[in-house]
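Below are the chains, spelled out letter by letter.
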Amino acid sequence: MTTSLRSQLNALATTFADGVLAAVRAASLDDLLAESGGRRRGGQGGGGQPDPLRKARGRLARRTQAQIDAMLGKVVAAVKATRGKGLRAEEIRKALGLDVREVPRVLKEGLRTKKLKAKGQKRATTYRAA
């Protein structure tokens with residue numbers, strides 16, 4: 001009796017698998033992506049991206065010098081608001097809502113142009129307006 005049950009289950013599984021494969025083959029790529037919650041690469045389908053400077057894989061797009069300068073202006077304003085106390089990099093990131101990967105470039109540019117001063121080492125580095 002287990003042999004007939006096993007053969008029935010195998011027949012049902014084969015029929016089900018064949019049906020799923022036929023449905024997938026008949027569906028368009030957009031239908032499949034919509035069902036899986038995925039998006040097409042290149043920004044097609046699936047709605048817009050939340051950050052226009054962010055690429056499809058989560059990698060940040062290259063920033064222009066104007067964008068870096070604008071962000072540096074916001075950082076300097078945030079640091080000045082502390083009245084000489086200064087802020088650490090993670091506090092700057094939280095205050096301005098920046099991505100972790102954006103902060104080092106902006107801080108480095110601020111130090112290079114002498115708009116910011118740094119005191120301390122590693123995570124304990126405090127940035128002040130020059």
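Residues numbered from 1 in each chain as written. Predicted model: local features only at pLDDT ≥ 70, side-chain atom pairs only at ≥ 80, totals over all residues. Heavy atoms only, no water.

Visitor: Help me understand the nonpolar core in this model?
Guide: Side chains of nonpolar character tend, in soluble globular proteins, to be buried together. Counting 14 residues, the largest nonpolar core has Val75, Val79, Ile92, Leu107 and Leu116 as the members making the most contacts within it. Taken together, the elements giving at least two residues each to this core come down to helix H3 (65-80) and helix H5 (103-112). Here the element with the most residues in this core is H3; it accounts for six residues. Ignoring any residue separated from it by four or fewer positions in sequence, one finds Leu116 in contact with Leu72, Val75, Val76, Val79, Leu107, Gly110, Leu111, Arg128, Ala129 and Ala130. (Core = buried A, V, L, I, M, F, W, Y, C linked by side-chain atoms within 4.5 Å. Buried < 20%, exposed > 50% of the residue type's maximum accessible area, 1.4 Å probe, protein only. Helix = DSSP H or I, 4+ residues; strand = E, 2+ residues; numbered from the N terminus. Contact = heavy atoms within 4.5 Å.)

Visitor: Would you mind showing me how to read the environment of Met71 here?
Guide: Its location among the elements puts Met71 in helix H3. Remark: the alpha-carbon pair of Met71 and Leu96, spanning 25 residues in sequence, is separated by 9.2 Å. The contacts of Met71, once residues within four sequence positions are left out, are Leu98 and Val106.

Visitor: What exactly am I supposed to notice about the pattern of salt bridges here?
Guide: Think of it this way: side chains of opposite charge can pair up when their charged atoms draw near. Tallying each qualifying case throughout the model produces six salt bridges. Ionic pairing is found between Glu90 and Arg88, a salt bridge with its closest N-O pair at 2.9 Å. Close ionic contact of Arg123 with Glu90 constitutes a salt bridge, the shortest N to O distance being 2.6 Å. Separated by 33 residues along the polypeptide, Arg123 in the loop between strand S2 (116-119) and strand S3 (126-129) and Glu90 in helix H4 (residues 89-96) bring together distant segments of the chain. On the accessibility criterion, Arg123 (64% relative accessible area) is exposed. Judged by its relative accessible area of 24%, Glu90 is partly exposed. (Salt bridge = Lys/Arg side-chain N within 4 Å of Asp/Glu carboxyl O.)

Visitor: Mind showing me how you'd approach the confidence of the model for the protein chain here?
Guide: It should be kept in mind that the predicted coordinates are not to be read in detail where pLDDT is low. Residues at a pLDDT of 70 or more form 84% of the protein chain, whose mean pLDDT is 83. Across the protein chain, the secondary-structure element scoring lowest on mean pLDDT is helix H2 (residues 29-36), at 75, and the one scoring highest is S2, at 95. (pLDDT = per-residue confidence, 0-100.)

Visitor: Could you clarify how one ought to interpret the pairing of S2 in this entry?
Guide: Here is the key point about a regular strand: its side chains alternate between the two faces of the sheet. Relative to S3, S2 is paired through four bridges, and the arrangement is antiparallel. Each residue of the ladder has a partner; that of Leu116, found in S3, is Ala129. Here S2 folds back onto S3 in antiparallel fashion, the turn holding six residues, of which Gly120 has a positive phi close to 110°. (Pairing = 2+ DSSP bridges.)

Visitor: Could you clarify how one ought to interpret a nonpolar patch on the surface in this entry?
Guide: A surface patch of nonpolar side chains, amounting to about 350 Å² of accessible area, comprises Phe16, Val20, Val24 and Leu32. For the nonpolar patch, the element with the highest residue contribution is helix H1 (residues 2-26), accounting for three residues. (Patch = residues over 30% accessible without salt bridge, like charges linked within 9 Å, V, L, I, M, F, W, Y side chains within 5 Å. Areas by Shrake-Rupley, 256 points an atom, 1.4 Å probe, with all protein chains shown as cover.)

Visitor: Would you take a moment to explain the pairing of S3 for this structure?
Guide: Examined bridge by bridge, strand S1 (residues 87-88) and S3 share two bridges and lie antiparallel to one another. Paired with Arg88 across the two strands is Thr126, which belongs to S3.

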